[in-house]
Amino acid sequence: MTLRGVRSAYAAGGRWSTLRLSLHNGARTVCGQLEPVLVYGARNRTLRPDAVRLETRLDGHWRAVPLNAALGELAGAVGPAGGLRLRPGQTATLTVRMRLARGAPHGEWLSLAVAYGPTRHRGTTVTWPVGVTDPAYFRVVAAHARGRGRTA
């Protein structure tokens with residue numbers, strides 16, 4: 001898995017930013033019901049679901065991604081309902097966009113993606129992480145005040 005497009009800094013209350021999440025099946029068998037999840041965390045901060053707005057592009061339309069807060073982090077499933085199915089050697093790329101709320105905590109954040117899939121374990125099928133991206137670090141900064149410092 002790779003996550004591309006994460007910039008080094010974002011303004012709280014800024015514009016949409018587009019990200020690309022690629023999943024590659026390096027196994028010799030089909031991987032089905034893969035559920036890619038984007039995760040956000042902030043150093044020494046507890047994140048609330050209203051800090052980030054996340055949407056995924058599916059079937060030609062942007063769809064809101066609900067974010068869940070757990071242990072101070074945010075996570076949202078960005079793939080299609082029912083998951084992705086990848087043949088051996090196949091790669092799928094998802095387009096996602098995010099924007100940070102004006103009240104998002106400033107400072108260092110990270111983003112990464114985890115793909116969950118059904119895996120046989122001791123005779124039972126369980127949902128297990130089957131891929132993860134490297135963490136992408138970025139800073140959230142205050143938005144520049146518009147209209148200040150201008151003369152007529």
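Notes on the structure in this doc start here. Just so we're clear, the structure is a prediction, and the values are computed from it rather than from any experiment.

Thresholds, definitions, all that
Residues numbered from 1 in each chain as written. Predicted model: local features only at pLDDT ≥ 70, side-chain atom pairs only at ≥ 80, totals over all residues. Heavy atoms only, no water. Salt bridge = Lys/Arg side-chain N within 4 Å of Asp/Glu carboxyl O. Helix = DSSP H or I, 4+ residues; strand = E, 2+ residues; numbered from the N terminus. Core = buried A, V, L, I, M, F, W, Y, C linked by side-chain atoms within 4.5 Å. Buried < 20%, exposed > 50% of the residue type's maximum accessible area, 1.4 Å probe, protein only. Contact = heavy atoms within 4.5 Å.

Here's the deal with the pattern of salt bridges
Then, number 1: Enumeration over the complete set of coordinates arrives at four salt bridges.
Then, number 2: In this structure, Glu108 and Arg43 form a salt bridge, with 3.6 Å as the shortest nitrogen-oxygen distance. Here the residue Glu108 occupies a position in strand 11 (residues 107-121), and Arg43 occupies one in the loop between strand 4 (31-42) and strand 5 (52-58), the gap between them amounting to 65 residues.
Then, number 3: A salt bridge links Glu55 to Arg97, with the nearest nitrogen and oxygen atoms 2.6 Å apart.

What about the nonpolar core?
The nonpolar side chains of a soluble globular protein tend to be buried, and buried together.
Then, number 1: The biggest cluster of nonpolar side chains holds 32 residues, and the ones touching the most others in it are Tyr40, Val52, Leu54, Met98, Leu100 and Trp109.
Then, number 2: Every element with two or more residues in this core is listed here: strand 3 (17-24), strand 4, strand 5, strand 9 (84-86), strand 10 (91-100), strand 11 and strand 13 (136-141).
Then, number 3: Residues contacting Leu100, with those up to four places away along its chain left out, are Tyr10, Ala11, Ala12, Gly13, Gly14, Ala51, Val52, Trp109, Phe138 and Val140.

What about unusual backbone geometry?
Then, number 1: Its identity as a non-glycine residue notwithstanding, Gln33 has a phi of 55°, on the positive side.
Then, number 2: We note that Asn44 has phi near 55°; this positive angle belongs to a residue other than glycine.
Then, number 3: With respect to the helices and strands, the residue Asn44 is situated in the loop between strand 4 and strand 5.

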